[in-house]
Amino acid sequence: MSEAAAKFAGDIPANYDRCLGPVLFEHYAEDLVNRVCEHMPNDILELACGTGIVSKRLFERRCPGAKLTATDLNADMISIARAKMGDHADLSFAPADALELPYSDSSFDAVACQFGVMFFPDKDQGYAEVRRVLKPGGRYHFNTWANLEDLPAMVIANDVMHRLFPDDPPGFYRVPFSYADCEAICQSLDAAGFSSVSVNEVAVDQPVVDLDAFSYGLVHGNPLIVEINERGTVSADEAVAALRSALAAEFGDIDCCIPLKAYVVSAAC
């Protein structure tokens, strides 16, 4: 499941960006960019840049002349980010595996990663690679979702999928919301050679302006749609409708708000 969960291709990236971005990612992007830019890095590497939700803010907020290299495992995600941001001398996009970065030792002042670490098959190797490419004194900033049980909207989404597919429920929602052991994360970073590791909980009551779009994105904006299509017993439209109904019953049908919680991790070389 872990390999499939990291594949955002075809129509998934556009649905992810349009339907999930405003609810799940924009607030946390602002928070992460604030932390990265506080130390005024000159060479920034972004891992798992996705559709550029963090990338755009990082590039706009960077110090004059600072360079941003944005990478992702999925070329279709990068295509949307590149189209969104255009061509600039100090901006480059590249496909890259976070577990085997194609960069020399001590190349970057800062590395950022928004909600990507959870998908890395070998997280310790991912930390080692970041440590390798950071310059002395460089910093790594990333975030990870709280456990599924701490995110009521995601609990509902997961429960709906179990109800629709009782014999073989899709497992996607267990992947991004399963890396929240802060003590273990800190221990892994320590083992990779990082220092000054800090973890901050960031909770927000997030407005959902368009519940239709958000419900659509929870099905079509991630690899869950692949699992649904593979099973073939319930249509994607039926899954979206069931999910929207359950979310509306819990949070309201119009101008609803959902609680979100994530952890933001910062570490220095």
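Keep in mind that what you see is a predicted model, and the values were worked out from it rather than measured. (Residues numbered from 1 in each chain as written. Predicted model: local features only at pLDDT ≥ 70, side-chain atom pairs only at ≥ 80, totals over all residues. Heavy atoms only, no water.)

Next up on the list: the sheet that holds strand S3 (residues 91–95). Taken together, the seven strands give an open sheet; going across it, the order is S3-S2-S1-S4-S5-S7-S6, and neighbouring strands pair in mixed fashion. Single-partner strands in this sheet number two, and they are S3 and strand S6 (195–208). Neighbour-to-neighbour, the strand axes of this sheet turn through a mean angle of 15 degrees, independent of strand direction. Across four bridges, the pairing between strand S1 (residues 43–47) and strand S4 (residues 108–114) is parallel. Within the sheet, the bridge partner assigned to Glu 46 lies in S4 and is Ala 112. Packing against the sheet, helix H5 (residues 123–133) makes contact with S1, S4 and strand S5 (134–145), and its axis sits at approximately 145 degrees to S5. (Pairing = 2+ DSSP bridges. Helix = DSSP H or I, 4+ residues; strand = E, 2+ residues; numbered from the N terminus. Axes fitted to C-alpha atoms, helices over the stretch in contact; angles between N-to-C directions. Contact = heavy atoms within 4.5 Å.)

Evaluation of the coordinates by the stated rule reveals 16 aromatic pairs. Ring geometry for Tyr 140 against Phe 142: centres 4.9 Å apart, planes inclined by 40 degrees, an arrangement best described as tilted. Take Tyr 140 and Phe 142: they sit in the same class, and that class is buried. Taken together through their ring pairs, the aromatic side chains of Phe 8, Tyr 16, Phe 25, Tyr 28, Phe 115, Phe 119, Trp 145, Phe 172, Tyr 173 and Phe 177 make up a single cluster. Across from the ring centre of Phe 59, 3.8 Å away, lies the NZ or CZ of Arg 62, which sits over that ring. (Phe/Tyr/Trp six-rings, centres within 6.5 Å; stacked < 30°, edge-to-face > 60°. Buried < 20%, exposed > 50% of the residue type's maximum accessible area, 1.4 Å probe, protein only. Lys NZ or Arg CZ within 6 Å of the ring centre and 35° of its normal.)

Another point: the environment of Asn 147. Here Asn 147 shows up in the loop between S5 and helix H6 (152–164). Note on Asn 147: relative accessible area 31%, which makes it partly exposed. Separated by 28 residues in the primary sequence, Asn 147 and Val 175 place their C-alpha atoms 9.9 Å from one another. Beyond its immediate stretch of four places on either side in the chain, Asn 147 contacts Phe 177, Ser 178 and Ala 180.

This next bit is on the environment of Arg 57. Tracing the backbone through its elements, the reader meets Arg 57 in helix H3 (residues 53–61). Owing to a relative accessible area of 18%, Arg 57 belongs among the buried residues under this scheme. With 28 residues separating them along the chain, Arg 57 and Ala 29 place their C-alpha atoms 7.7 Å apart. Setting aside anything within four residues of it in sequence, one finds Arg 57 in contact with Glu 26, Ala 29, Glu 30 and Val 33.

Here Asn 158 lies in helix H6. Look past the residues within four positions of Asn 158 in its chain and what remains in contact with it is Leu 148, Pro 170, Tyr 173 and Arg 174.

If you check which residues of helix H9 (residues 224–231) are buried, you get Leu 224, Ile 225, Glu 227 and Ile 228. Along the axis of H9, the buried residues cluster in a sector spanning 160 degrees; they form a single face. Counted as exposed and oriented over 90 degrees from the buried face of H9: Asn 229 and Glu 230. Against helix H2 (12–37), H6, helix H8 (211–220) and helix H10 (236–251) lie the buried residues of H9. With its phi angle positive at about 75 degrees, Gly 232 sits one or two positions after the end of H9. (Arc of directions from axis to C-beta.)

Turning our eyes to something else, we now look at the state of the cysteines. Summed over the entire model, instances satisfying the criterion amount to zero disulfides. Of the cysteine sulfurs around Cys 186, a residue in no disulfide, the closest is that of Cys 182, at 6.7 Å. (Disulfide = S-S within 2.5 Å.)

Considering all chains together, one arrives at 16 salt bridges under this definition. Between Arg 62 and Asp 90 there is a salt bridge, and its shortest N-O distance comes to 3.5 Å. With Arg 62 in the loop between H3 and strand S2 (67–72) and Asp 90 in the loop between helix H4 (75–85) and S3, this residue pair connects regions lying 28 residues apart in the sequence. Exposure remark for Asp 90: the relative accessible area of 21% places this residue in the partly exposed category. The structure contains a network of salt bridges with shared partners spanning Glu 26, Glu 30 and Arg 57. (Salt bridge = Lys/Arg side-chain N within 4 Å of Asp/Glu carboxyl O.)

Right, let's get into the pairing of S1. Among the five residues in S1, four count as buried, and that is most of the element. As judged from the four bridges shared by S1 and S2, these two strands associate in the parallel manner. Its bridge partner lying in S2, Glu 46 is registered against Ala 70. Between the parallel elements S1 and S2, the chain passes through H3 in a crossover that is right-handed. (Right-handed = clockwise from strand over helix to strand, strands pointing away.)

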